[in-house]
Amino acid sequence: GHIVTNNHVVEGATQLQVRWWDGSTSIAELIGTDPDSDLAVIKVSALPQGVAPLPVADSREVQVGQTAVAIGNPFGEQNTLTVGVVSGLGRTLSGPTREFGRFSIPNIIQTDAAINPGNSGGPLLSVRGEVIGVNTAIAVSQGGGSFEGVGYAVPSSTVSRVAPALI
C-alpha cells in the first residue's frame, strides 16, 4: 500500500485521501517526505481489487527521443494520460527558497508530454508501462504567466533510492 508522490503535493496536509481510477477513495497516512528530492511516501491500508504496483525502470537507461507517458489529474480532470518524448536528461531543477537556502534536484528528466497542475506526483512512464520518473514541475514563462510546454520528472533512480529510506 505504499505510494510515491511529490512532497509539494502532501506538504501541509492534515488528512490524505487517494482517489483510484474507478472513483473510489482510500484514506492514506503520511510515511515520510524528502523536500530536497520533492518526494513523499504515503500508505493506504488496502488496495482496490486489480490494483498492483507499477514496474520501475532504471532511469539511467532512458534516452532523449524515447516516448514518455504522463498520467495525472490536471486541473481536476481525472484519469488523464498525455504522450510526448523525453526531451532532455541530466537537468537540474531549482527548488523553492527555504530558511537555510535553496536546494536543487539533479538529473531531472525533461519531457514535452503535457504536465499541468494536478499531474504532480503521477508517474512518467515508458511505452512498456514502466515508471521512469515522478512528474514534479513545469517551466513557466518569465513572470509565471504561461506554460512553456516543458515538464520535469524526478527520475526513477532517485525514487528507488529515496522511497525505501522514507519507508
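The shown structure was predicted, so the numbers you read here are calculated from the model rather than taken from an experiment.

Quick notes on the rules
Residues numbered from 1 in each chain as written. Predicted model: local features only at pLDDT ≥ 70, side-chain atom pairs only at ≥ 80, totals over all residues. Heavy atoms only, no water. Helix = DSSP H or I, 4+ residues; strand = E, 2+ residues; numbered from the N terminus. Buried < 20%, exposed > 50% of the residue type's maximum accessible area, 1.4 Å probe, protein only. Contact = heavy atoms within 4.5 Å. Areas by Shrake-Rupley, 256 points an atom, 1.4 Å probe, with all protein chains shown as cover. Core = buried A, V, L, I, M, F, W, Y, C linked by side-chain atoms within 4.5 Å. Pairing = 2+ DSSP bridges. Axes fitted to C-alpha atoms, helices over the stretch in contact; angles between N-to-C directions. Polar contact = N/O pair within 3.5 Å; in protein donor to acceptor, adjacent residues only side chain to side chain. Salt bridge = Lys/Arg side-chain N within 4 Å of Asp/Glu carboxyl O.

Draft legend 1. Spatial organisation of the overall build of the protein. Assigned secondary structure in the protein consists of 2 helices and 10 strands. Put simply, the protein runs from its N terminus to its C terminus through helices and strands in the order β-α-β-β-β-β-β-β-β-β-β-α. Within the span of the protein, comprising 167 residues, buried residues form 41% of the whole. Counted over contacts in the protein with a minimum sequence separation of 6, partners at least 24 positions apart contribute 56%. Summed over its atoms, the accessible surface of the protein is roughly 9,100 Å², and 51% of this surface lies on carbon and sulfur atoms.

Draft legend 2. Main features of the nonpolar core. The biggest cluster of nonpolar side chains holds 14 residues, and the ones touching the most others in it are Leu39, Ile108, Tyr152, Val154 and Val159. Put simply, the parts of the chain that give this core at least two residues each are strand E4 (39–44), strand E7 (101–111), strand E9 (131–140), strand E10 (147–155) and helix H2 (156–166). Top contributing element to this core by residue count: H2, with 4 residues. Not counting the four nearest positions on each side in its chain, Tyr152 is found in contact with Leu93, Ile108, Ile109, Gln110, Ile115, Val134, Asn135, Thr136, Ala137, Ile138 and Ala139.

Draft legend 3. Fine view of the sheet that holds strand E3 (residues 25–34). One open sheet accounts for 4 strands, arranged E1-E4-E3-E2; its pairing is antiparallel. The two strands at the open ends of the sheet, each matched to only one other strand, are strand E1 (2–5) and strand E2 (16–19). Neighbour-to-neighbour, the strand axes of this sheet turn through a mean angle of 40°, independent of strand direction. The sheet contact formed by E3 and E4 spans 6 bridges and is antiparallel. Bridge assignment links Asp34 to a residue of E4, and that residue is Leu39.

Draft legend 4. Expanded view of the side chain of Ser156. Mapped onto the elements of the fold, Ser156 is located in helix H2. Here Ala57 takes part through its backbone oxygen, which lies 2.6 Å from a polar atom of the side chain of Ser156. Ignoring anything within four residues of it in the chain, the contact list for Ser156 reads Val56, Ala57, Asp58, Ser59, Val131, Ile132 and Gly133.

Draft legend 5. Representation of the side chain of Gln110 within the structure. With respect to the helices and strands, the residue Gln110 is situated in strand E7. Side chain to side chain, Gln110 and Arg91 meet in a polar contact 2.6 Å long. Apart from the residues within four sequence positions on either side, Gln110 is in contact with Val85, Val86, Ser87, Gly88, Arg91, Val150, Gly151 and Tyr152.

Draft legend 6. Structural context of the pattern of salt bridges. Scanning the entire structure with this criterion turns up 2 salt bridges. Here Arg128 and Glu130 are joined by a salt bridge, their closest N and O atoms 3.2 Å apart. Taking the relative accessible area as the measure of exposure, Arg128 reaches 62% and is therefore exposed.

Draft legend 7. Highlighting unusual backbone geometry. Unusually for a residue other than glycine, Asp38 sits at a positive phi of about 55°. Mapped onto the elements, Asp38 comes out in the loop between E3 and E4. Its identity is not glycine, yet Asn79 carries a phi of approximately 55°, on the positive side. If you trace the backbone, Asn79 turns up in the loop between strand E5 (67–72) and strand E6 (80–98).

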